[in-house]
Amino acid sequence: CRLLHVVGTSIIVLMLFFSQGFEPSLLPSFAATALAGNALCQAFIGLEHGLVEFVVLMSLLVTMNKALGGSFWKAASLAVVGYSFAWVGHFFYEQNKPATFIYPSYSLFGDFKMWFNILTGVEPLDPAASKAS
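Digging into the packing of helix α3 (residues 51-67) against helix α4 (residues 72-94)
Stage number 1. With their axes 7 Å apart at the nearest point, α3 and α4 run at an angle of 145° to one another. Where α3 crosses over α4, the handedness of that crossing is right-handed. Of α4, the residues touching α3 (which contributes F54, M58, L61, V62, N65 and K66) are F72, A75, A76, L78, A79 and Y83.
Stage number 2. For the contact of α3 with α4, a count of residues per class yields 10 nonpolar, 1 polar and 1 charged.

Here it is in structure tokens:
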């Protein structure tokens, strides 16, 4: 499941920085949405599910990206691509419910933290393999 999280997060990073038809508005839109998510996640913490938080943050992302001259579809595809890999891992491999459905912002931050830690060697990609040796 970690591999799918890393793949999804890597695709988001590639889309933000290196995609064909690079869209400069994506990076500031994504950064502002992440900051807003960090600020707002405490306000949404008592809700039963993360749909409200997800809708607010997606609306902010696509609106800001569009205001900066970007494409609605490229902004929306960030969430679809990033979360879909993690959801496949959770549903089909771990057979559990992803944290995204309750805490979308924390889920996003956790994915990026895990991605960075794996790339820098702080965490192994497969923790079971490191425990076996």
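A short note on helix α5 (residues 104-119)
Stage number 1. Between its terminal C-alpha atoms α5 stretches 23 Å, which fits the 22 Å expected from 16 residues at 1.5 Å a residue.
Stage number 2. Taken residue by residue, α5 has P104, S105, S107, L108, D111, M114, W115, N117 and I118 as its buried positions.
Stage number 3. Looking at the buried residues of α5, the elements they touch are α1 (2-17), α2 (26-44), α3 and α4.
Stage number 4. One or two steps after α5, the chain reaches G121, where phi turns positive at roughly 85°.

Topic: the nonpolar core
Stage number 1. Residues L16, F30, M58, L61 and L78 are the most contacted members of the largest nonpolar core, which totals 14 residues.
Stage number 2. For this core, the secondary structure elements donating two or more residues are α1, α2, α3 and α4.
Stage number 3. The residues touching M58, leaving out its near neighbours within four places in the chain, are A75, A76 and A79.

Some remarks on empty space enclosed by the protein
Stage number 1. In total, this model carries 1 cavity of 30 Å³ or more according to the counting rule given.
Stage number 2. In this structure, the largest cavity encloses a volume near 270 Å³.
Stage number 3. Considering the residues around the largest cavity, the lining is formed by 20 residues, among which F30, M58, A79, Y83 and L108 are closest to the centre.
Stage number 4. Listed by contribution, the elements that provide at least two residues to the lining of the largest cavity are α1, α2, α3, α4 and α5.
Stage number 5. A per-element tally of the lining of the largest cavity places α5 first, with 5 residues.

Here's the deal with the environment of L4
Stage number 1. Examined against the element boundaries, L4 turns out to sit in helix α1.
Stage number 2. Sequence spacing of L4 and W87 is 83 residues, and the spatial spacing of their C-alpha atoms is 8.7 Å.

Details of the environment of A99
Stage number 1. Mapped onto the secondary structure, A99 falls in the loop between α4 and α5.
Stage number 2. For A99, a relative accessible area of 42% translates into the label partly exposed.
Stage number 3. Between the C-alpha atom of A99 and that of G50, which follows or precedes it by 49 residues, the distance is 8.9 Å.
Stage number 4. Aside from chain neighbours lying at most four places away, what touches A99 is P104 and S107.

What counts, and where the lines are drawn
Each chain has its residues counted from 1, running along the sequence as written. Only residues with pLDDT of 70 or above have their local features reported here, since the model is predicted, and side-chain atom pairs are shown and tallied only from 80 upward, although totals for entire chains, interfaces and linings are computed over all residues. The side-chain figures draw on all heavy atoms in the structure; neither hydrogens nor water molecules are used. Each axis is a line fitted through C-alpha atoms, taken for helices only over the stretch in contact, and angles between the N-to-C directions span 0 to 180 degrees. A helix here means a DSSP run of H or I that spans at least four residues, while a strand means a run of E at least two residues long, and both kinds are numbered starting from the N terminus. Helix crossings are classified by the rotation of the near helix relative to the far one: an anticlockwise turn of less than a right angle makes the crossing left-handed, while a clockwise turn makes it right-handed. The contact rule is simple, with two residues in contact once any of their heavy atoms fall within 4.5 Å. Charged residues are taken to be Asp, Glu, Lys and Arg, nonpolar residues to be Ala, Val, Leu, Ile, Met, Phe, Trp, Tyr, Cys and Pro, and polar residues to be all remaining types, Gly included. Multiplying one less than the number of residues by 1.5 Å gives the expected span of a helix. Only protein chains enter the calculation, and the probe is 1.4 Å; a residue is then buried if its accessible area is under 20% of its type maximum, exposed if over 50%, and partly exposed in between. Note on terminology: a nonpolar core comprises buried Ala, Val, Leu, Ile, Met, Phe, Trp, Tyr and Cys residues joined through side-chain atoms within 4.5 Å. Think of a 1 Å grid over just the protein atoms. A cavity is a set of points where a 1.4 Å probe fits yet cannot get out, a pocket is an open set with protein on both sides within 12 Å along at least five of seven lines, and lining residues have an atom within 4 Å of a point. Grid points are joined across faces, edges and corners, and a volume is the space filled by probe spheres set on the points.

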